[in-house]
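# Chain and residue survey
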Amino acid sequence: QVLLVESGGGLVQAGGSLRLSCAASGRTWSIYAMGWFRQAPGQEREFVATISWTGANTYYVDSVKGRFTISRDNAKNTVYLQMNSLEPEDTAVYYCAAQTLFGDPRASRNFASWGQGTQVTVSS
C-alpha cells in the first residue's frame with residue numbers, strides 16, 4: 001500500500017560522506033514518519049533516523065547525532081539522509097521505512113512498509 005524506493009548506498013573511506021534517498025508512493029496519506037533503520041552483519045536491526053511527515057520533528061540514534069541529517073522534499077514525497085564523517089561502525093544495510101502505525105517513531109514495530117535496503121560500507 002506504500003511503496004518505498006531507496007538509493008544512495010556505496011563504499012567510502014572513513015570520514016567520507018554519502019546521501020541516501022527514499023521516495024514514497026501509494027497511500028502516502030497513511031504515513032506518520034519516514035526514515036532509516038540499519039542492520040550490520042550478525043546484529044539486530046536498529047533505528048537510525050526518522051522525520052515526521054510534516055518535517056517538524058526529527059529523531060536520531062545517539063551514535064549518529066551531529067554527523068547525520070535527515071530531511072524531506074514534500075513535493076517529491078522523498079526523504080534524504082545526509083551521512084557525514086562516516087565511521088566503520090556505520091557499515092550496514094540501510095532500510096528505508098514508513099511509519100503507518102501510531103506510536104514511537106523510533107520503534108521498528110510501528111513501520112509497516114519497508115524498502116529493499118542499500119549497502120553502506122565504510123573502510124578504515
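Residues numbered from 1 in each chain as written. Predicted model: local features only at pLDDT ≥ 70, side-chain atom pairs only at ≥ 80, totals over all residues. Heavy atoms only, no water.

## Section: the overall build of the protein
- Within the protein, the regular secondary structure consists of 0 helices and 11 strands.
- Every one of the 124 residues in the protein was classed for burial, and the buried ones make up 43%.
- Within the protein, contacts between residues separated by at least 24 positions form 55% of all contacts whose residues are at least 6 apart in sequence.
- Surface summary for the protein: the accessible area is close to 6400 Å², and the carbon and sulfur share equals 47%.
- The distance from the centre of the 10 positive side-chain charges to the centre of the 9 negative ones in the protein is 8 Å. (Helix = DSSP H or I, 4+ residues; strand = E, 2+ residues; numbered from the N terminus. Buried < 20%, exposed > 50% of the residue type's maximum accessible area, 1.4 Å probe, protein only. Contact = heavy atoms within 4.5 Å. Areas by Shrake-Rupley, 256 points an atom, 1.4 Å probe, with all protein chains shown as cover. Lys, Arg positive; Asp, Glu negative; His and termini not counted. Charge placed at Lys NZ, Arg CZ, Asp CG, Glu CD.)

## Structural notes on the nonpolar core
- Formed by 31 residues in total, the largest nonpolar core has its most connected members in Met34, Trp36, Leu81, Met83 and Tyr94.
- When contributions to this core are tallied by element, the ones reaching two or more residues are β1 (2–7), β3 (18–26), β4 (33–39), β5 (46–52), β7 (68–73), β8 (78–83), β9 (92–99) and β11 (118–123).
- Here this core gets 5 residues from one element, more than from any other, and that element is β9.
- Apart from residues no more than four positions distant in its own chain, Met34 is found in contact with Leu4, Cys22, Ala24, Ala49, Thr50, Ile51, Trp53, Ile70, Val79, Cys96, Ala97 and Ala98. (Core = buried A, V, L, I, M, F, W, Y, C linked by side-chain atoms within 4.5 Å.)

## Some details on the sheet that holds β1
- With respect to topology, 4 strands assemble into an open sheet ordered β1-β3-β8-β7, the strand pairing being antiparallel. Two strands in the sheet have a free side with no partner beyond their single neighbour: β1 and β7. Sheet twist, expressed as the average angle between the axes of neighbouring strands with direction ignored, equals 20°.
- In the sheet, β7 pairs with β8 via 6 bridges, with the strands oriented antiparallel. Bridging from a neighbouring strand, Phe68 pairs with Met83 of β8. (Pairing = 2+ DSSP bridges. Axes fitted to C-alpha atoms, helices over the stretch in contact; angles between N-to-C directions.)

## With respect to the packing of aromatic side chains
- Here the structure, examined in full by the defined rule, presents 5 aromatic pairs.
- Geometrically, the ring pair formed by Phe37 and Trp114 is tilted, given 5.2 Å between the ring centres and 55° between the ring planes. Linking Phe37 in strand β4 with Trp114 in strand β10 (residues 111–114), this pair joins segments that are 77 residues apart in sequence.
- Trp114 sits in the partly exposed class, given a relative accessible area of 27%.
- Ring centres of Phe111 and Trp114 lie 6.5 Å apart, and the angle between their planes is 55°; on these two criteria the pair is classed as tilted.
- In this structure an aromatic cluster arises from ring pairing among Phe37, Phe47, Phe111 and Trp114.
- Above the plane of the ring of Trp114 lies Arg45, whose end atom (NZ or CZ) is 4.8 Å from the centre.
- The lysine or arginine in question, Arg72, covers the ring of Trp53, its NZ or CZ lying 3.9 Å from the ring centre. (Phe/Tyr/Trp six-rings, centres within 6.5 Å; stacked < 30°, edge-to-face > 60°. Lys NZ or Arg CZ within 6 Å of the ring centre and 35° of its normal.)

## Here's the deal with the side chain of Gln99
- If you trace the backbone, Gln99 turns up in strand β9.
- Gln99 has contacts with Ser30, Ile31, Tyr32, Ala33, Asp104, Pro105, Asn110 and Phe111, leaving out every residue within four places of it along the chain.

## Some points on the environment of Lys65
- As for its position among the elements, Lys65 is in the loop between β6 (58–60) and β7.
- By relative accessible area, Lys65 is classed as partly exposed at 47%.
- In this structure the C-alpha to C-alpha distance between Lys65 and Ser21, which are 44 residues apart in sequence, comes to 19 Å.
- For Lys65, the side chain forms a polar contact with the side chain of Asp62, separated by 3.0 Å. (Polar contact = N/O pair within 3.5 Å; in protein donor to acceptor, adjacent residues only side chain to side chain.)

That's the geometry; what it means functionally is another story.
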